[in-house]
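Analysis of the macromolecular model
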Amino acid sequence: MIYADNAATTKTSRTAIAAMLPYFNTVYGNPSSLYAFGQQAKEALEDARTRIAACLGCDAREITFTSGGSEADNQALLSAAAIGARKGKKHIVSTAFEHHAVLHTLRKLKTQGFDVTLLDVPENGLLSPRQVADAIRDDTCLVSVMYANNEIGTVQPIREIGAVCREKGVLFHTDAVQAVGHIPVDLRSDNIDLLSLSAHKFHGPRGVGVLAARRGVPLTSLIEGGAQERGKRAGTENLPAIMGMAAALGEAVRDLDANARKLRVLRDALIEGLSAVPHSILNGDPERRLPGNVHFCFEGVEGESLLLLLDDKGVCASSGSACTSGSLDPSHVLLAIGRPHEIAHGSLRLTLDAENTMEDVQQIIIAVREVVAYLRAMSPVWRDLMSGKQKFILE
Ligand SMILES: *Cc1c(COP(=O)(O)O)cnc(C)c1O
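These remarks concern the structure in this document. (Residues numbered from 1 in each chain as written. Predicted model: local features only at pLDDT ≥ 70, side-chain atom pairs only at ≥ 80, totals over all residues. Heavy atoms only, no water.)

Focus on the side chain of glutamate 98
Within the secondary structure, glutamate 98 is located in the loop between strand 3 (91-95) and helix 5 (100-111). Of note is the side chain of glutamate 98, whose polar atom sits 3.1 Å from the backbone nitrogen of methionine 146. The contacts of glutamate 98, once residues within four sequence positions are left out, are Leu103, Ser144, Val145, Met146 and His332. (Helix = DSSP H or I, 4+ residues; strand = E, 2+ residues; numbered from the N terminus. Polar contact = N/O pair within 3.5 Å; in protein donor to acceptor, adjacent residues only side chain to side chain. Contact = heavy atoms within 4.5 Å.)

Below you can see the structure in the form of structure tokens.
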């Protein structure tokens, strides 16, 4: 089997698992307990916080542990909205291609009287700081732009967008779930006020993440209860997961340059091999993209069938859309960059990690070519395209 769906989730690393184990049955006290055994857990928790903060270029006090990226996104947006509402500012700027954890929270805020501007994304998937600057109004309380897109892998000019927000005195949140551990991210130099990350996207365990909030940005708790996380997130801390996350992040940041260098070679070979398929197109900017991300549309092919047949050939891939079963809606990200419905339906996302090899890449290329040719040969749409009855959209 070739696993090429690392944007969906990653294998928990050995380092992460080893770091977690003692906290299940050796140091298993509750960090809130006063006896020394509980305090040992508390020390581990605070040590993990310090190490994670160091990886993000912020202070330990700026780190709040959450159940993952979705919770961090929810809390970031709701907190910034609460701050805005207190000042009578109820306008939020974001983009049309955010993760649903952001988009659906914005939808909820709309029902609470917030006005939301979703910026259009150009075809290359790269927002310009100018677009953001132009969208900010006197009543804007928050800008939320994802660091790197989870489908097409484009990496936004976050530092510049952050600078625009700083200049205009508007809070800036970034969903950095796909970026952290893969490309350099630094809260301070990137001018970020609020940042979300999730451990299972960088070889840590699932169900744990971080909301980093710059000092002076008060968070609203989504979960009421005990005083854990300085009252920002009630509930007994998931210490094994937090220790696993800290270890995975440390490892990912340590190996970041070497992994990225290796992945770019694999990625570009895969892009080259798939570009040779006629009537196909690479989605997202060829350069400003995550080191392991490849995303294509194939005309006259149905994405779901493509995935199933690739699965038969031992390749785990994704269409890139968070297609809930039964829904045939194409990806909102592909529609946002202007792909027509019929093209957006034929999408394929392949996301590699450092364990993938050039042999994997060659096998994937062969498998995709075969499957695309097979599906086209059976497709009535393809017949119409070939006979000229219908015009090709992709060259
Ligand atoms: C995976 C992902 C999330 C959600 O993170 P979970 O930890 O799975 O809740 C949010 N945003 C982006 C960009 C993601 O890729």
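Section: the pattern of salt bridges
According to the stated counting rule, one finds 20 salt bridges in the structure shown. Ionic pairing is found between arginine 49 and glutamate 229, a salt bridge with its closest N-O pair at 2.8 Å. Within this pair, whereas arginine 49 is found in helix 3 (residues 36-56), its partner glutamate 229 is found in the loop between strand 8 (209-213) and helix 8 (239-254), the two being separated by 180 residues in sequence. Across this residue pair, the class does not change: arginine 49 and glutamate 229 are buried. (Salt bridge = Lys/Arg side-chain N within 4 Å of Asp/Glu carboxyl O. Buried < 20%, exposed > 50% of the residue type's maximum accessible area, 1.4 Å probe, protein only.)

A short note on the nonpolar core
By size, the foremost hydrophobic cluster in this structure holds 55 residues, and its most contacted members are Val143 and Leu195. If you tally residues by element for this core, the top one is helix 8, at nine residues. Apart from the residues within four sequence positions on either side, valine 143 is in contact with Val93, Val132, Ile136, Ile161, Cys165, Val170, Leu171, Phe172 and His173. Of all hydrophobic cores here, the second largest spans 30 residues; its members include Leu263, Val277, Val361 and Ala367. (Core = buried A, V, L, I, M, F, W, Y, C linked by side-chain atoms within 4.5 Å.)

What about the site of the ligand?
The ligand sits among 13 residues. The nearest are Ser70, Asp175, Gln178, Ser198 and Lys201. Here an oxygen atom of the ligand and a side-chain polar atom of serine 70 are 2.7 Å apart. Between the ligand and serine 198, the relevant distance is 2.6 Å, taken from an oxygen atom to a side-chain nitrogen or oxygen of the residue. In isolation the ligand has 380 Å² of accessible area, and contact with the protein removes 87% of it. Here the shell around the ligand is composed, by residue class, of two nonpolar, eight polar and three charged. (Near = heavy atom within 4 Å. Areas by Shrake-Rupley, 256 points an atom, 1.4 Å probe, with all protein chains shown as cover. Nonpolar A, V, L, I, M, F, W, Y, C, P; charged D, E, K, R; others polar.)

Here's the deal with the pairing of strand 12 (residues 347-351)
Within strand 12, five of the five residues are buried, which leaves it mostly tucked inside the rest of the structure. Across the two faces of strand 12 the burial is the same, with Ser347, Arg349 and Thr351 and Leu348 and Leu350 all buried. As defined by bridge partners, strand 10 (residues 293-298) adjoins strand 12 across five bridges and the pair is classed as antiparallel. When the bridges of strand 12 are listed, phenylalanine 296 appears paired with leucine 348. (Pairing = 2+ DSSP bridges.)

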